[in-house]
Amino acid sequence: MSNLDPEPEEVVAASTGSTTVLLEPREVPLGGPRALTVRRTLPQRQRSLIGPWCFIDHYGPDAVAGPGAMTVPPHPHTGLQTVSWLFAGEIEHRDSAGNHAMVRPTELNLMTAGRGIQHSEVSTGSTTVLHGAQLWVALPEGERERPPFFEHYAPQPVVFGDATLHVFLGSLGGSTSPARAFSPIVGAQVDLSPDASVDLPVDPAFEHGVLLDRGALAVDGDEVPVSHVAFREAGSSMLRLSAGPQGARALLVGGAPFGERILMWWNFIGRSHDEIVAYRAEWQADVIEGGTASGPFGLISEYPGSALPAPELPNVRLRPRDL
């Protein structure tokens, strides 16, 4: 799912040094027709970036019934990559670059928005439970105006010590994803059997975050509650993950400190207030009011309903805030 918060806060993010931090989730009702409530750990005032990762929503398991039980209408993105990762269920993806794909468990759907794209997400009729994570990766300055494109990749499970890894971005444990990234990055699902532990060699130049999906987990001896993210600053060459008696399933994300300030508002990432205002104006004029395919966001002609209007901008200038 994407950020359908009807009153999104602006977030200006910059990578800074930090001690180990436990990031607590906040519940966010996405709004829109037949959408879900998610648990959001990134961005927040405490920390807005883990490497280039700038957005983490964790949702489910939620019982759903019938086609379209979860419906996210066409909505825009700029300056980012969306990373869709499921633990259960199936979601149909369509975008204005002409891509049509299914999101399934342990399979990566990676959409690079670049200068602009729109997409829709609808659960399929066979889905009875939805459970997964939606993540965003910020594009660096030199790549954020590139044409949009889409990739699908189904990583094979790799056994590393007592862990099973599905590496969907970057490299970990001897497995490398072919999916295209534009910053030094890693993203993987890590599964541990009951009471198992693993020492994962990691790049010491990377910041890392570990999101616990289910079970019980400690990261370097620190317990992590479900739906929380354990953040580790750069400098570690090893992460020790230890499961409790229920085992554990987690997502590991990381990357080199991003080194750029970004401004996030609604589904847009830019660098300034004026850019965000322009993105919103283009979306409203070209898609909501005009329905033209000639603008930067294009059209999704196969979607049976209307696109999602942008929220109103706040009555103040979007500006930096402390992390």
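The numbers attached to residues start from 1 for each chain and follow its sequence in the written order. Since the coordinates come from a predicted model, pLDDT governs what is reported: local features require at least 70, and pairs of side-chain atoms require 80 or more to be given and counted, while whole-chain, interface and lining totals use all residues. Where side-chain values are given, they derive from all heavy atoms of the structure, hydrogens and water being excluded.

J.: How should unusual backbone geometry be read in this particular structure?
T.: For residues other than glycine, phi is negative in most cases, and the peptide bonds are mostly trans. Note the cis peptide between Leu42 and Pro43, where omega equals 0 degrees. Labels follow the DSSP assignment, with helices taken as runs of H or I lasting at least four residues and strands as runs of E lasting at least two, numbered in each case from the N terminus. Among the structural elements, Pro43 can be located in the loop between strand E4 (37-42) and strand E5 (53-63). Positive phi, close to 55 degrees, is recorded for Thr106, a residue that is not glycine. Here Thr106 is to be found in the loop between strand E9 (100-103) and strand E10 (108-112). Phi at Asp220 takes a positive value of approximately 50 degrees, unusual for a residue other than glycine. The topology assignment puts Asp220 in the loop between strand E19 (207-219) and strand E20 (222-224). Assessed through its relative accessible area of 31%, Asp220 is described here as partly exposed. A 1.4 Å probe rolled over the protein chains alone gives each residue an accessible area, and that area as a share of the maximum for its type sets the label: buried under 20%, exposed over 50%, partly exposed in between.

J.: I'm lost on the side chain of Gln81 in this one. Help?
T.: Among the secondary structure elements, Gln81 is positioned in strand E7 (residues 80-88). A residue is classified by how much of its surface remains accessible, and Gln81, at 1% relative accessible area, is buried. Any pair of residues with heavy atoms lying within 4.5 Å of one another is described as a contacting pair. Each residue touching Gln81, except ones within four places of it in the same chain, is listed here: Leu110, Met111, Thr112, Leu135, Trp136, Val137, Leu139, Arg180, Ala181 and Phe182.

J.: I would appreciate a short explanation of the sheet that holds strand E3 (residues 26-29) in the present structure.
T.: Strands pair in a sheet through their backbones, by hydrogen bonds, and they do so in one of two ways: parallel or antiparallel. An order of E3-E4-E5-E12-E7-E10-E13 is seen for the seven strands of this open sheet, with the pairing classed as antiparallel. Either end of the sheet is taken by a strand with one partner, and the two such strands are E3 and strand E13 (149-153). Sheet twist, expressed as the average angle between the axes of neighbouring strands with direction ignored, equals 20 degrees. Here E3 pairs with E4 via four bridges, running antiparallel. Residue pairing for E4: Glu27 is matched across the bridge by Arg39. Paired strands, as defined in this entry, are two strands with at least two bridges between them according to DSSP. Here an axis means a line fitted to C-alpha atoms, over the contact stretch when the element is a helix, while the angle between two N-to-C directions is reported on a 0 to 180 degree scale.

J.: What exactly am I supposed to notice about the side chain of Thr127 here?
T.: Structurally, Thr127 can be placed in the loop between strand E11 (117-123) and strand E12 (129-138). On the basis of relative accessibility, which here comes to 3%, the residue Thr127 falls in the buried class. Counted as a polar contact is a pair of N or O atoms within 3.5 Å, where, for protein atoms, one must be capable of donating a hydrogen and the other of accepting one, and residues adjacent in sequence contribute only when both atoms are in side chains. A distance of 3.1 Å separates polar atoms of two side chains, one belonging to Thr127 and the other to Thr124.

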